[in-house]
Amino acid sequence: DLADIYRAQDTLDSALVESLVAALLDPANARSFATIGQIHAASGRDEDAVQALRKAVSVDPAHLEAHYALSRALSRLNRADEARDELQIFAQLQSKAMADERRRFQDNQLKIEDTLKTAEPGDRPR
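Remember, it's a predicted structure, so these values are computed and weren't measured experimentally.

Notes on the side chain of serine 71
Here is step 1: Mapping serine 71 onto the fold places it in helix α5 (residues 64-76).
Here is step 2: Aside from chain neighbours lying at most four places away, what touches serine 71 is Ala83, Glu86 and Leu87.

And the structure:
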């Protein structure tokens, strides 16, 4: 979280240090590697970004931001086929995430409607 604060303040060196520490403490945390990759990319170090982002997606194949950032870094390195593959994975994951969110919204809506149907007339909102 501290790395995200430093990134928001455009203090990339401090953000990188915090992300590296987080990755050392928990190597199974894809978010740390994704952040490291994004910081490298923002600093123009796309080869390093690709390495960190590949680690992020190996730890968590469903990490949306890592796939998207990896696609962009690969594109800047003129590795169009790999970039296109990552962008396609991102699009598929994003579509699934949106469908899941839509399903959760519909489930919540049904629960609210059921609650309102069973509420006493005096308990209903006006």
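The rest of the description comes next.
Things to note about the nonpolar core
The tendency in soluble globular proteins is for nonpolar side chains to be buried as a group.
Here is step 1: By size, the foremost hydrophobic cluster in this structure holds 21 residues, and its most contacted members are Ile36, Leu53, Ala66 and Leu70.
Here is step 2: Elements with a minimum of two residues in this core: α2 (12-25), α3 (30-42), α4 (46-59) and α5.
Here is step 3: It is α4 that provides the largest number of residues to this core, a total of 6 residues.
Here is step 4: Not counting the four nearest positions on each side in its chain, alanine 66 is found in contact with Ala34, Leu53, Ala56 and Val57.

Overview of the pattern of salt bridges
Here is step 1: Summed over all chains, the structure comprises 10 salt bridges.
Here is step 2: A salt bridge links arginine 79 to glutamate 82; its shortest N-O distance comes to 2.9 Å.
Here is step 3: On the accessibility criterion, arginine 79 (26% relative accessible area) is partly exposed.
Here is step 4: By relative accessible area, which is 30% here, glutamate 82 ends up partly exposed.
Here is step 5: The salt bridge involving aspartate 100 is made with lysine 96; its shortest N-O contact spans 2.8 Å. Of this pair, aspartate 100 and lysine 96 both sit in helix α6 (residues 80-118), 4 residues apart, which is roughly one turn of the helix.

Brief notes about α3
Here is step 1: In this model α3 runs 18 Å from its N-terminal to its C-terminal C-alpha over 13 residues, within 8% of the 18 Å that 1.5 Å per residue would give.
Here is step 2: Most of α3 sits inside the fold, with 11 of its 13 residues counted as buried.
Here is step 3: When α3 is considered as a whole, its buried residues turn out to be Ala30, Ser32, Phe33, Ala34, Thr35, Ile36, Gly37, Gln38, Ile39, His40 and Ala41.
Here is step 4: Those residues of α3 that are buried are in contact with α1 (2-8), α2, α4 and α5.
Here is step 5: For α3, the N-terminal cap is asparagine 29; the gap from its side-chain oxygen to the backbone nitrogen of arginine 31 is 3.0 Å.
Here is step 6: One or two positions beyond α3, positive phi appears at glycine 44, with a value near 80 degrees.

What counts and how
- Residues numbered from 1 in each chain as written.
- Predicted model: local features only at pLDDT ≥ 70, side-chain atom pairs only at ≥ 80, totals over all residues.
- Heavy atoms only, no water.
- Helix = DSSP H or I, 4+ residues; strand = E, 2+ residues; numbered from the N terminus.
- Contact = heavy atoms within 4.5 Å.
- Core = buried A, V, L, I, M, F, W, Y, C linked by side-chain atoms within 4.5 Å.
- Buried < 20%, exposed > 50% of the residue type's maximum accessible area, 1.4 Å probe, protein only.
- Salt bridge = Lys/Arg side-chain N within 4 Å of Asp/Glu carboxyl O.
- Expected span 1.5 Å × (residues − 1).
- Polar contact = N/O pair within 3.5 Å; in protein donor to acceptor, adjacent residues only side chain to side chain.

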